[in-house]
Amino acid sequence: QVQLVESGGGLVQAGGSLRLSCAASGIFIKITSMGWYRQAPGKQRELVAIITTAGNRNYTDSVKGRFTISRDNAENTVVLQMNSLKPEDTAVYYCNAEAHLVTVRAYWGQGTQVTVSS
């Protein structure tokens, strides 16, 4: 079982910055990809950014140039630095990790609210 604990959400004005952190703990052999998803009211959950163990990154188009994802493989943590925030970034942000034990499974954090006011 893997636990993901997120921190760093909150309320910020448009143009501001927030930093989300997520730490993985529990029993696993390794964690491969780690990422952040978000879900706004009335919308489906969408991928925001993902990073592999090798450091390969992918971002959804709407956050490119504004958000940066990074991770510490030794500590099993992932950070999402969000700059130039826009009201449309308002959502619950979820940490996601793929962990290997007997099989590969995806795990989710509890979610952290990000609200950007105009």
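Residues numbered from 1 in each chain as written. Predicted model: local features only at pLDDT ≥ 70, side-chain atom pairs only at ≥ 80, totals over all residues. Heavy atoms only, no water.

Enquirer: Residue-level account of the pairing of strand S7 (residues 67-72), with values.
Expert: Regular strands place their side chains on alternate faces of the sheet. Burial along S7 is one-sided: the face carrying Phe67, Ile69 and Arg71 is buried and the face carrying Thr68, Ser70 and Asp72 is not. Pairing geometry for S7 and strand S8 (residues 77-82), over six bridges, is antiparallel. For Asp72, the partnering residue across the bridge sits in S8 and is Thr77. Between S7 and S8, which follow one another and run antiparallel, lie four residues, and Asn76 among them has a positive phi close to 55°. (Buried < 20%, exposed > 50% of the residue type's maximum accessible area, 1.4 Å probe, protein only. Helix = DSSP H or I, 4+ residues; strand = E, 2+ residues; numbered from the N terminus. Pairing = 2+ DSSP bridges.)

Enquirer: So, the environment of Gln110: which residues are in play, and what are the values?
Expert: Looking at the element boundaries, Gln110 is found in the loop between strand S10 (104-108) and strand S11 (112-117). For the pair formed by Gln110 and Ser7, sequence separation is 103 residues and the distance between their alpha carbons is 10.0 Å.

Enquirer: Kindly report on the pattern of salt bridges, identifying the contributing residues and their values.
Expert: Under the definition given, this model contains four salt bridges. Its salt-bridge partner being Arg38, residue Glu46 comes within 2.7 Å of it at the nearest N-O pair. Taken together, the shared-partner salt bridges in this structure form one network comprising Arg38, Glu46, Arg66 and Asp89. (Salt bridge = Lys/Arg side-chain N within 4 Å of Asp/Glu carboxyl O.)

Enquirer: Can you break down the state of the cysteines residue by residue, with the values?
Expert: All chains considered together, the criterion is met by one disulfide. In this model, Cys22 is linked to Cys95 through a disulfide, with the two sulfur atoms separated by 2.1 Å. Across the S-S bond of Cys22 and Cys95 the torsion is about -85°, and the bridge reads as left-handed. Of the two residues, Cys22 sits in strand S3 (residues 18-26) while Cys95 sits in strand S9 (residues 91-100), which places them 73 residues apart along the sequence. Assigned by exposure class, Cys22 and Cys95 land together as buried. (Disulfide = S-S within 2.5 Å.)

Enquirer: So what's going on with a nonpolar patch on the surface? Residues and values would help.
Expert: There is a patch of nonpolar side chains on the surface, built from Ile27, Ile29, Leu101 and Val102 and spanning about 460 Å² of accessible area. Positionally, Val102 belongs in the loop between S9 and S10. You can call Val102 exposed: its relative accessible area is 79%. (Patch = residues over 30% accessible without salt bridge, like charges linked within 9 Å, V, L, I, M, F, W, Y side chains within 5 Å. Areas by Shrake-Rupley, 256 points an atom, 1.4 Å probe, with all protein chains shown as cover.)

Enquirer: Could you give an account of unusual backbone geometry, with specific residues and numbers?
Expert: Residues other than glycine seldom take positive phi values, yet Asn76 does so here, at roughly 55°. Inspection of the secondary structure assignment puts Asn76 in the loop between S7 and S8. The backbone phi angle of Ser84 is positive, close to 50°, even though this residue is not glycine. As for its placement among the helices and strands, Ser84 is situated in the loop between S8 and S9.

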